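Single-letter residue listing:
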Amino acid sequence: EANLFIVGDDDQSIYRFRGSKPEFMLNFPKDFPKAQVIYLSVNYRCPKEVVQKAGNLICRNKNRFDKQMTSAGADGTAFRVSKFETVQEENKAIIELIRIQLSQGFRYSQIAVLYRTNTQPGPLIAKLMEYNLPFRTKERIPNLYEHWIAQDMKAYFRLALGSRQRKDFLRIMNRPKRYISRESLLTQEISFERWQDFYREQSWIAERIEQLQCDLKVLTRITPYAAVNYIRKAVGYDEYLTEYALSRQIPANELMETLDEIQESTKEYQKLGEWIQFTEEYTEKLKQEQQKPQDTDSISILTLHASKGLEYDIVIIPDVNEGMIPYKKAVLEEELEEERRMMYVGMTRTKKKLFLSYVETIRNKKANPSCFLSEI
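Model, not experiment: these values are computed from the prediction.

Undergrad: Where do I start with the packing of aromatic side chains in this structure?
TA: Working definition: an aromatic ring pair is given by the centre-to-centre distance plus the angle between the planes. Inspection of every chain in the model, using the stated rule, returns 17 aromatic pairs. Measuring from centroid to centroid gives 5.3 Å for Tyr145 and Phe278, while their planes differ by 75 degrees, and the two rings are edge-to-face. Linking Tyr145 in the loop between strand S5 (135-137) and helix H6 (148-160) with Phe278 in helix H13 (residues 272-290), this pair joins segments that are 133 residues apart in sequence. Of the two residues, Tyr145 and Phe278, neither departs from the other in class, the shared state being buried. In textbook terms, an aromatic cluster arises when at least three aromatic residues are bridged by ring pairs, as seen for Tyr145, Phe157, Tyr269, Trp275, Phe278 and Tyr282. Taking NZ or CZ as reference, Lys177 lies 5.3 Å from the ring centre of Tyr179, over its face.

Undergrad: Explain the packing of helix H11 (residues 237-248) against helix H12 (residues 252-265) to me, please; I cannot follow it from the model alone.
TA: With their axes 8 Å apart at the nearest point, H11 and H12 run at an angle of 145 degrees to one another. Crossing handedness for the pair H11 and H12: right-handed. For the pair H11 and H12, contact is made by Tyr237, Asp238, Leu241, Thr242, Tyr244 and Ala245 and by Ala252, Leu255, Met256 and Leu259, respectively. The residue inventory of the contact of H11 with H12, partitioned by class, reads 8 nonpolar, 1 polar and 1 charged.

Undergrad: Looking at this model, I keep getting lost on the side chain of Asn174. Mind explaining?
TA: Inspection of the secondary structure puts Asn174 in the loop between helix H7 (166-172) and helix H8 (192-198). Within the structure, Asn174 has its side chain in polar contact with the backbone nitrogen of Arg178 (distance 3.1 Å). In this view, Asn174 contacts Tyr179, Ile180 and Tyr240; residues no more than four positions away in its chain are not counted.

Undergrad: Please explain the sheet that holds strand S4 (residues 111-115) as it appears in this structure.
TA: The strands making up a sheet associate through backbone hydrogen bonding, with each pair oriented either parallel or antiparallel. Taken together, the 6 strands give an open sheet; going across it, the order is S3-S8-S7-S4-S6-S5, and neighbouring strands pair in parallel fashion. Sheet topology places strand S3 (79-84) and S5 at the edges, where each strand pairs with a single neighbour. Taken over all neighbouring pairs, the strand axes of this sheet differ in orientation by 20 degrees on average, direction set aside. Note that S4 and strand S6 (residues 299-303) share 4 bridges and pair parallel. Residue pairing in the sheet places Ala112 in a bridge with Ser300 of S6. Each of S3, S4, S6, strand S7 (312-317) and strand S8 (350-359) touches helix H4 (residues 87-103); the most contacted strand, S8, lies at about 160 degrees to it.

Reading the values: rules and limits
Residues numbered from 1 in each chain as written. Predicted model: local features only at pLDDT ≥ 70, side-chain atom pairs only at ≥ 80, totals over all residues. Heavy atoms only, no water. Phe/Tyr/Trp six-rings, centres within 6.5 Å; stacked < 30°, edge-to-face > 60°. Helix = DSSP H or I, 4+ residues; strand = E, 2+ residues; numbered from the N terminus. Buried < 20%, exposed > 50% of the residue type's maximum accessible area, 1.4 Å probe, protein only. Lys NZ or Arg CZ within 6 Å of the ring centre and 35° of its normal. Axes fitted to C-alpha atoms, helices over the stretch in contact; angles between N-to-C directions. Left-handed = near helix turned anticlockwise from the far one by under 90°. Contact = heavy atoms within 4.5 Å. Nonpolar A, V, L, I, M, F, W, Y, C, P; charged D, E, K, R; others polar. Polar contact = N/O pair within 3.5 Å; in protein donor to acceptor, adjacent residues only side chain to side chain. Pairing = 2+ DSSP bridges.

Bear in mind that shape data such as this cannot, by itself, settle questions of function.
Okay, structure coming up:
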């Protein structure tokens, strides 16, 4: 009992969901009253300004050892907060920022972009691919375009572009519900005339098939963004999603957010085929990047959780918005304190420069800056 020695930082305890809590460390002096506490209060990694700003944030937590960190690092303009109208604007600025750092002599591997969740980096990754900037991810980034909702949109687009494949019709013929049976699709290549003929005894279904044909013609004349909107509102896909969520007892808003994000990704394309091609190239490149050896010179795209214990010359934390960081599911005081610790961990990964940013709209909805920004 008298030979116990522990080291840790209660301010960097960010794995509550795995059973790790700062209380274990905070209670140590109570559990072992003879223990001597030594504060290692000099930060040898971060510039002074970053240590000061991160300290402003973390001192708002009540459940922590009260300590004042100082920096052995240099002075200098190491810290900046930027505001952008949209995520697209923010991502363009991040690309520009990365290119500036490279022109100043930094390498790709000295740069990290940190996110609260692993679903956020998709749009930035697409931009990095567009500009041919190498990146790597530590954990799996879910591919938005492999989501079944994206597959539905692609099937609608392919049919509008002239595909008559049975598999495309099977995918969307009852999304929304048209009461069409699989047995009506008799061949691998489908003819609308024969399909309608199958339902000559049930004219109301034949009319729905005819309506689908008309809808597909509309899609050929509009942009991908307008096409997704048409499928959602005029064809009735939003209604289908609501019913789907209800029948499976899952939150409809999560499915709607996924569809919003898919729709948002079509904005930069003028033709349906261009967007389909982009999603396929993205999927292929994402697979290649995730198989890349870890020692390749590339930009790190990480979650705050995965960044713990690592350090970079340049750290960029985008989307510092309410609902993102702190995350929307964190409501209890102890959960908010954990979110604050996560932000603290992210900020203190940097050895030279820290760039934070927030946006004013996310998926066409107003977004507020994170409460953490005013605390910082």
